[in-house]
Amino acid sequence: MALVRERRQLNLRLPLPPISDRRFSLPSVTTTVATSGGISAADLEKLNVLGCGNGGVVYRVRHKNTGDLYALKTVNGDMDPILTRQLMREMEILRRTDSPYVVRCHGIFEKQVVGEVSILMEYMDGGTLESLRGAVTEQRLAGFARQILKGLSYLHALKIVHRDIKPANLLLNSKDEVKIADFGVSKILVRSLDSCNSYVGTCAYMSPERFDSESSGGGSDVYAGDIWSFGLMMLELLVGHFPLLPPGQRPDWATLMCAVCFGEPPRAPEVCSEEFRSFVECCLRKDSSKRWTASQLLGHPFLREDL
Ligand code: ATP
Ligand code: MG
């Protein structure tokens, strides 16, 4: 079984797949500056750290001339080539995407002398959905769900599987807009039969077929894994704790694997609306072929604006 690197609660990161799993070519990054909009690294000043991820640091930065704020994700590639590869994946995907539901990339910088690679992104000033666990109404959650599903539907149409949908990777701004971020373990499928059940991402949110690809024959709908993670996240945001374990219990890989593969899928509590309970059930079907797609979920009664 895959090695598990234990990190913070619910952040059980798994290693990236081997190079052979990579079916797209790495972008060729030139020295120091490669941007749209002509922003160079020298134009930016670092203000503070927004988050420390899996080896990279995300800074809030300001453009010295315009005063505009951005987020700059930086990885020192000389220290860990795996992290550089992760950043390369993210760069490749951010370059291909142009959607109001996916965090925008404004440029990519490389300091070859020190082996540092950075992605300049739009700054999301509302933090991540993690901070809203247990503090959202169904109505607000439906607003988030519409945006996230439009983002997933867009990505899936481009044959991009995110593979790490979780509250900490959904960014919020002061306009209550939610955008999908962190494509470090995502994958672009080149052929329609490509599988992608590799142990990557955060295993707490991994679907049954990704834990146990043999039982699904490896032929499951690869996009359905993102829907499972999304459904679990929706339930977590509403009930305020990770739904597969009792509140306060620290997850470990074995407990999670048993809960996901052998337990019944979690359900929304009875106090929730019928629409929300049905919505969660459509996302958390153990059989990936029966799980609704992002586009189908956008038509679910829970997301009807007039309710
Ligand atoms: P992890 O391994 O924990 O998933 P990571 O190295 O992949 O992290 P990200 O998830 O992209 O990095 O970013 C880490 C944190 O930095 C986020 O959880 C968020 O708090 C903050 N962050 C990232 N991008 C932005 C952004 N565009 N605007 C505001 N904050 C951001
Ligand atoms: Mg992240």
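Residues numbered from 1 in each chain as written. Chains lettered and ligands numbered in written order. Predicted model: local features only at pLDDT ≥ 70, side-chain atom pairs only at ≥ 80, totals over all residues. Heavy atoms only, no water.

Going by an unreviewed UniProt entry, the protein chain carries the name mitogen-activated protein kinase kinase and comes from Brassica napus. Per UniProt, the comment on the protein chain under Sequence similarities (unreviewed entry) is "Belongs to the protein kinase superfamily. STE Ser/Thr protein kinase family. MAP kinase kinase subfamily." (UniProt positions renumbered as here; feature names shortened; annotations may be inferred.)

Packing of helix H4 (residues 224-239) against helix H6 (residues 274-283) brings their axes to within 8 Å, and their N-to-C directions diverge by 150°. For the element pair H4 and H6, the recorded crossing hand is left-handed. Within the contact between the two elements, H4 uses Ile227, Trp228, Phe230, Gly231, Met234, Leu235 and Leu238 and H6 uses Phe276, Phe279, Val280 and Cys283. Its residues assigned to classes, the contact of H4 with H6 shows ten nonpolar, one polar and no charged. (Axes fitted to C-alpha atoms, helices over the stretch in contact; angles between N-to-C directions. Helix = DSSP H or I, 4+ residues; strand = E, 2+ residues; numbered from the N terminus. Left-handed = near helix turned anticlockwise from the far one by under 90°. Contact = heavy atoms within 4.5 Å. Nonpolar A, V, L, I, M, F, W, Y, C, P; charged D, E, K, R; others polar.)

In this section: the pairing of strand E5 (residues 69-76). Of all eight residues in E5, six are buried; the element is thus mostly enclosed. As paired elements, strand E4 (residues 57-63) and E5 share six bridges and run antiparallel to each other. Bridge pairing links valine 61 to tyrosine 70 in E5. Linking E4 to E5, which pair antiparallel, is a turn of five residues; within it glycine 67 sits at a positive phi near 80°. Two elements, E5 and strand E7 (residues 116-122), share seven bridges in a ladder whose sense is antiparallel. The residue bridging alanine 71 from the neighbouring strand is methionine 121, located in E7. (Buried < 20%, exposed > 50% of the residue type's maximum accessible area, 1.4 Å probe, protein only. Pairing = 2+ DSSP bridges.)

If you check which residues of H6 are buried, you get Phe276, Phe279, Val280, Cys282 and Cys283. When H6 is viewed along its axis, its buried side chains cluster within an angular range of 160° and face the same direction. Each element contacted by the buried residues of H6 is listed here: helix H2 (138-157), H4 and helix H7 (294-298). (Arc of directions from axis to C-beta.)

At the metal site, the magnesium ion (ligand 2) is ligated by Asn169 (OD1) and Asp182 (OD), and these contacts range over 2.0 to 2.2 Å. Here asparagine 169, found in the loop between strand E8 (160-161) and strand E9 (170-172), pairs with aspartate 182, found in the loop between strand E10 (178-180) and strand E11 (187-188); they are 13 residues apart in sequence, far enough to count as distant. Here the two residues asparagine 169 and aspartate 182 agree in accessibility, since each one is buried. (Donors = N, O, S within 2.8 Å, 3.2 Å for Na, K, Ca; no water.)

This brings us to the pairing of E4. Of the strand pairs in this sheet, strand E3 (residues 44-52) and E4 are connected by seven bridges, and their pairing is antiparallel. The partner of leucine 44 across the bridge, within E4, is histidine 63.

What follows covers the pattern of salt bridges. A side chain with one charge may pair with a side chain of the opposite charge, provided their charged atoms come close. Counting across every chain of the model gives twelve salt bridges. Salt-bridge contacts for glutamate 236 lead to arginine 133; the nearest nitrogen and oxygen are separated by 2.6 Å. In this pair, glutamate 236 is assigned in helix H4 and arginine 133 in the loop between E7 and H2, connecting sequence segments 103 residues apart. What makes arginine 133 partly exposed here is its relative accessible area of 33%. (Salt bridge = Lys/Arg side-chain N within 4 Å of Asp/Glu carboxyl O.)

Those residues carrying the UniProt feature "binding site: ATP" (unreviewed entry) are Lys73 in this numbering. Secondary-structure assignment places lysine 73 in strand E5. On the accessibility criterion, lysine 73 (15% relative accessible area) is buried. Look past the residues within four positions of lysine 73 in its chain and what remains in contact with it is Val57, Val58, Leu87, Glu90, Val117, Ser118, Ile119, Met121 and Asp182. Engagement of the side chain of lysine 73 in a polar contact is seen with the side chain of glutamate 90, the distance being 2.8 Å. (Polar contact = N/O pair within 3.5 Å; in protein donor to acceptor, adjacent residues only side chain to side chain.)

Our next topic: the environment of lysine 159. Relative to the helices and strands, lysine 159 resides in the loop between H2 and E8. Residue class for lysine 159 comes out partly exposed when judged on its relative accessible area of 36%. C-alpha separation for the pair lysine 159 and leucine 189, spaced 30 residues apart in sequence, amounts to 5.4 Å. If we ignore the near neighbours within four places in the chain, the residues touching lysine 159 are Lys187, Ile188, Leu189 and Tyr223.

A word on the nonpolar core. A general trend in soluble globular proteins is that nonpolar side chains are found buried together. Within the largest apolar cluster, 72 residues are counted, with the highest numbers of intra-cluster contacts made by Ile148, Phe230, Met234, Phe276 and Phe279. Here this core spans two domains, and each of domain 1 (14-122) and domain 2 (129-303) adds at least three residues to it. In this structure isoleucine 148 touches Leu129, Leu170, Val178, Ile180, Phe230, Met233 and Met234, once residues within four positions along its chain are discounted. Among the nonpolar cores identified, the runner-up in size contains eight residues, and Ile39, Leu44, Tyr70 and Phe109 belong to it. (Core = buried A, V, L, I, M, F, W, Y, C linked by side-chain atoms within 4.5 Å. Domains from an automatic or database assignment.)

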